[in-house]
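Structural features, examined
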Amino acid sequence: MARTSSNSPSSWLADAKSAWQDVKQSPSLHSVFGLIVLLIGMLGFIASASTLATWTADYSAMELGFAQVISQRDVVIHNLLGSIGAAVGMVVTVRGFGVASLLLWSVVMAFGLRWGLGLPIRTLRFARRSMLRALLITSGLALIPWNAGDAVVGDYGRVISAWSTHLVGGLGAGLSWLTLAAVHVVWVFQLRPQALGERLAAANPTAFAPIPQPQALSDDELVADEAPVVVDLMEPIATPPWDESPSDDLEPEHAPASAPWDEADDELLEPVLLPTEPSGVAMEVETPPVLDESSAFSAAASVAPEVASAGPYDPRRDLSRYQFPTLQLLNDYGQSVAKVDQEELEANKERIVDTLRNYKIEIAKIKATVGPTVTLYEIVPEAGIRISKIKSLEDDIALSLSALGIRIIAPIPGKGTIGIEVPNRNPQMVSMRSVLASEKFQKSDMDLPLALGKTISNEVFVVDLAKMPHLLMAGATGQGKSVGLNAILASILYKKHPAEVKFVLVDPKKVELTLFNTIERHFLAKLPGTDEAIITDTTKVIHTLNSLCIEMDQRYELLKSAFVRNLKEYNTKFTARKLNPEEGHRYLPYIVLVIDEFADLIMTAGKEVETPIARLAQLARAIGIHLIVATQRPSVNVITGIIKANFPARIAFKVSAKIDSRTILDAGGAEQLIGKGDMLISSGNDLIRLQCAFLDTPEVEQICEFIGGQQGYPEAYQLPEYESEEGSLGGGGNYSADERDSMFEEAARIVVIHQQGSASLLQRKLKLGYNRAGRLIDQLEDAGIIGPFEGSKARQVLIQDEMQLNERLKNI
């Protein structure tokens, strides 16, 4: 009985399992076994491939029997691997799967590559799919009415074809095979057949009646940018223009008045020559057209472009019914075009010319451009006049004009003129509604468009935050910083889907950004376990900034493994399904960090806040994390050199002193602004004066309520977990066997196999949070498996192979 038991199949199987375990425990035996399997797979592949070409010549010889073929040397075999190759090819290819047998030998080689060379091949999944594909190929070839030969089709395919044809007929067998093949392709390649239906519905809307999606503003509904008001001072004239061209007078309906222009006046006024007897210089006036914005405020025109359904993966799919905010949520302040007061323009021109003539500076030409709040007078002095002489007369010109905030630009970059900016008596309000309805914003294809306001020439100013890439804002209290932040956030909300951008809002004052709590489940990001998405506590600010640094490092690891250089290339590759989500890849939204009172954080936290912000500003551009930092105190101890060096784009509202202007802009001029949204924006060498768009608090509340009332994600976007050095990630310590994590041994094997000791590796492979991965790293260090912390480098792995690791685990 004992002998029978030892020879039973169950006993033989147990012996085989035991032998396999011995092989796995020995790395050398494991590699040798893998190389042998690889050799078998290669020989089998060659034998089957050769059989496809030589089976007819070898068939008669193989009918004699394998034993006779081996014993009789005069038998001619044409297979590349001789008689053994012919026999194997006859069994596996001719009597088996036909040409599909090459897939099966590929599976054998895959196992050999994994066991022998340690390549990270998912052999079991590859084996399952290859077997299914082999059955589909051999049965499909058998269903085709052709004479391909036994070696190409294989006996298995002929048997499957015969039975299926007998059961459901030839047509049913063919349709069944096509259905199985389509299911296999959809399942393996994770295709979305619904996309075909959506395209058909889009191509024939009357037949399919698709679900309505938000449409973009049409061309005739867009509000075009307003033309600048230009006043050109021409050469001296001999006779008054009034005698030559009495029809050039302003018509009564075109005369300036205290109220905004009539909405019916929608044509550009003809140039008008005004009497200039005191200075002998004529002035040509061009006024902007009065635009009727009502056509742009229809319900259909107030939604953002429709959700894209093209492409294998759609990041907007989870919130496919999301509706973008409408323009009706914003206040319509009426047609508030800049009022061109001819008397004011003429008086200012005369005073400028007289003041310069008092200092023997003659003017060859003057041109004035009327903006929303400021008129720019461009002068061209006579030959031989030094520019520095005009620049030194800034205070004298301000005194003669009796105006607040005179600013001289000598010379204007890119022009051969000198600019004198003079505030208007009746400044125009630039509404956020008119800016967002403009054609420039609606048709922009920027990644993160910001509609900030209008320039001196009445043009809507739109920039891309993704290219700035960070923005620093400063200005005295009450000069428009909070309104500017609201305008920036509203610009992104009107253009981007919740899947594409997330905000991290820091508000030490606790009142400025609280309205955005409503859109927490749509656009906000926060730390796990926190209640409020708007961060007000200094300690949570420090944790959030360090968490963003962790997010940055994780994203760079993903970009590294995807072989791309920036977030846009990575998301393009991911949406094309060229990256495997099972390997940790995911769609990465832009993250915009907004800090509204940076000076308070520096006073309370100092370096703990400055260090992570500087690190994010230096490195986070490529992976889609952008910073917007605002402060009312632009001093050197708040805006340090490290901060300024990494914030090339800066906005300055009115400040109290020139030194503050130089701190924020590296140039003067911000102290001469007139306030109430008047600002200077610097990007590179350009310094542009803008009137910031006005967005009132009730408008922000309506936008947030509109977004928050829609279906959102289950929770806010979760940032990586972070604990301070006093937390559980502070140090290794001595861990007993009971204190070790349940995944300690698995983590140790992953670290040894990859020879890389990092928490991000354990996060990806074991699908853990940062805290648990960090504790595992500490325990591995305590066990002597990896080395100590070495700054930005990955920890050194002290164990070379799994056999050494097994001995180490036994000892501890």
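In case you missed it, the structure is sitting above this.
Here's a quick rundown of the structure.

Rules of the game
- Residues numbered from 1 in each chain as written.
- Predicted model: local features only at pLDDT ≥ 70, side-chain atom pairs only at ≥ 80, totals over all residues.
- Heavy atoms only, no water.
- Helix = DSSP H or I, 4+ residues; strand = E, 2+ residues; numbered from the N terminus.
- Buried < 20%, exposed > 50% of the residue type's maximum accessible area, 1.4 Å probe, protein only.
- Contact = heavy atoms within 4.5 Å.
- Areas by Shrake-Rupley, 256 points an atom, 1.4 Å probe, with all protein chains shown as cover.
- Expected span 1.5 Å × (residues − 1).
- Core = buried A, V, L, I, M, F, W, Y, C linked by side-chain atoms within 4.5 Å.
- Salt bridge = Lys/Arg side-chain N within 4 Å of Asp/Glu carboxyl O.
- Phe/Tyr/Trp six-rings, centres within 6.5 Å; stacked < 30°, edge-to-face > 60°.
- Lys NZ or Arg CZ within 6 Å of the ring centre and 35° of its normal.

On to the overall build of the protein chain. Secondary structure assignment for the protein chain yields 30 helices and 18 strands. Out of the 812 residues in the protein chain, the part that is buried amounts to 48%. Contacts in the protein chain between residues at least 24 apart in sequence constitute 69% of all its contacts with a sequence separation of at least 6. In the form shown here, the protein chain has an accessible surface area of approximately 39,500 Å², with 56% of it arising from carbon and sulfur atoms.

With 13 residues, helix α23 (residues 607–619) ought to run about 18 Å at 1.5 Å a step, and its terminal C-alpha atoms sit 18 Å apart, in line with that. Those residues of α23 lying buried are Val609, Glu610, Pro612, Ile613, Ala614, Leu616 and Ala617. Buried-residue contacts for α23 involve α20 (538–562), β13 (590–596), α22 (598–605), β14 (625–631) and α24 (641–645).

Turning our attention to the nonpolar core. In terms of nonpolar packing, the biggest core is built from 116 residues, with Leu452 and Phe516 touching the most fellow members. Ranked by the residues each element gives to this core, the list is headed by α20, at nine residues. Residues in contact with phenylalanine 516, not counting those within four places in the same chain, are Asn486, Leu489, Leu493, Leu505, Leu524, Ile534, Val700 and Cys704.

Here the focus is the environment of leucine 465. Here leucine 465 shows up in the loop between β9 (460–464) and β10 (471–474). Discounting chain neighbours no more than four positions away, the residues touching leucine 465 are Leu448, Leu450, Leu471, Val592, His626 and Ile628.

Pairing between side chains of opposite charge can happen when their charged atoms approach one another. The full count for this structure, using the stated rule, is 21 salt bridges. Salt-bridge contacts for lysine 496 lead to glutamate 500; the nearest nitrogen and oxygen are separated by 3.8 Å. By relative accessible area, which is 12% here, lysine 496 ends up buried. The exposure class assigned to glutamate 500 is buried, which follows from its relative accessible area of 12%. Here arginine 764 and glutamate 557 are joined by a salt bridge, their closest N and O atoms 3.9 Å apart. Linking arginine 764 in helix α28 (residues 759–766) with glutamate 557 in helix α20, this pair joins segments that are 207 residues apart in sequence. Take arginine 764: its relative accessible area is 29%, and that puts it in the partly exposed class.

What follows concerns the packing of aromatic side chains. What the rule picks out here adds up to six aromatic pairs. Taken together, a centroid distance of 5.2 Å and an interplanar angle of 70° make the contact between tyrosine 322 and phenylalanine 324 edge-to-face. Phenylalanine 324 matches tyrosine 322 in its accessibility class, with the two residues each being buried. One aromatic cluster is present, built from ring pairs that chain together Tyr322, Phe324, Phe503 and Phe523. For lysine 495, the ring lying beneath its charged end belongs to phenylalanine 441, and the centroid distance is 5.4 Å. Lying across the ring of phenylalanine 744, arginine 740 places its NZ or CZ 5.2 Å from the centre.

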